[in-house]
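Structural description and commentary
Listed below are the residues making up each chain.
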Amino acid sequence: QVQVVESGGGLVQAGGSLRLSCAASGSIFSINFMGWYRQAPGKQRELVAVMPSGSSTTYVDSVKGRFTISRDDAKNTVYLQMNSLKPEDTAVYYCHVILNGGYQYWGQGTQVTVSS
């Protein structure tokens with residue numbers, strides 16, 4: 001069994017910052033892919049930032065220059081530093097983990113609310 005747990009969400013004013021963390025634990029040999037997605041009310045889940053092993057990171061255009069994804073493979077943890085937050089960044093943020101071998105896991109989500 002693998003558990004994926006996000007933390008760090010909350011309420012922040014526009015222009016503020018938050019740092020999300022996602023830790024994977026359990027029967028993990030190696031992780032191929034870690035990334036962040038988000039889903040706003042009434043909208044489809046969208047990719048925010050992803051960091052495949054050995055490949056370059058990818059960001060959705062709307063967060064480029066404001067968000068930074070990073071990984072600590074020794075801790076099986078991925079982070080999302082979010083700066084200059086905007087009300088349109090309000091959403092539930094989900095962590096996605098893909099193990100070598102193809103097994104995929106999602107976290108339960110963490111709410112980020114940005115007030116104007």
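In the block above lies the structure referred to throughout.
The structure reproduced in this document is the subject of the present report. (Residues numbered from 1 in each chain as written. Predicted model: local features only at pLDDT ≥ 70, side-chain atom pairs only at ≥ 80, totals over all residues. Heavy atoms only, no water.)

This next bit is on the overall build of the protein chain. A count of helices and strands for the protein chain gives 0 helices and 11 strands. Start at the N end of the protein chain and walk to the C end: the helices and strands fall as β-β-β-β-β-β-β-β-β-β-β. Relative to a compact globule of 116 residues, whose C-alpha radius of gyration would be 13 Å, the protein chain shows 14 Å and is just as compact. For the protein chain, the spread of C-alpha atoms along the three principal axes comes to 45 × 25 × 25 Å. Expressed as a percentage of contacts within the protein chain between residues at least 6 apart in sequence, the contacts between residues at least 24 apart total 52%. (Helix = DSSP H or I, 4+ residues; strand = E, 2+ residues; numbered from the N terminus. Rg over C-alpha atoms; globule rule 2.2 N^0.38 Å. Contact = heavy atoms within 4.5 Å.)

The subject of this paragraph is the side chain of threonine 110. Structurally, the position occupied by threonine 110 is in strand β11 (residues 110–115). For threonine 110, a relative accessible area of 11% translates into the label buried. Of note is the side chain of threonine 110, whose polar atom sits 3.2 Å from the backbone nitrogen of glycine 9. When near neighbours in sequence (up to four residues on either side) are disregarded, threonine 110 contacts Glu6, Ser7, Gly8, Gly9, Leu20, Ala91, Val92 and Tyr93. (Buried < 20%, exposed > 50% of the residue type's maximum accessible area, 1.4 Å probe, protein only. Polar contact = N/O pair within 3.5 Å; in protein donor to acceptor, adjacent residues only side chain to side chain.)

This part covers the pattern of salt bridges. All chains considered together, the criterion is met by 5 salt bridges. Between arginine 38 and glutamate 46 there is a salt bridge, with its nearest N and O atoms 2.7 Å apart. Glutamate 46 gets classed as partly exposed once you look at its relative accessible area, which sits at 30%. Across the pair aspartate 61 and lysine 64 runs a salt bridge, and its minimum N-O distance is 2.9 Å. When its relative accessible area of 61% is taken as the criterion, aspartate 61 is described as exposed. By sharing partners, the salt bridges in this structure join Arg38, Glu46, Arg66 and Asp89 into a single network. (Salt bridge = Lys/Arg side-chain N within 4 Å of Asp/Glu carboxyl O.)

Glancing now at the environment of glycine 8. Tracing the sequence through the fold places glycine 8 in the loop between β1 (2–7) and β2 (10–13). Given a relative accessible area of 34%, glycine 8 falls into the partly exposed group. For the pair glycine 8 and serine 21, spaced 13 residues apart in sequence, the C-alpha to C-alpha distance is 6.1 Å. Look past the residues within four positions of glycine 8 in its chain and what remains in contact with it is Leu18, Arg19, Leu20 and Thr110.

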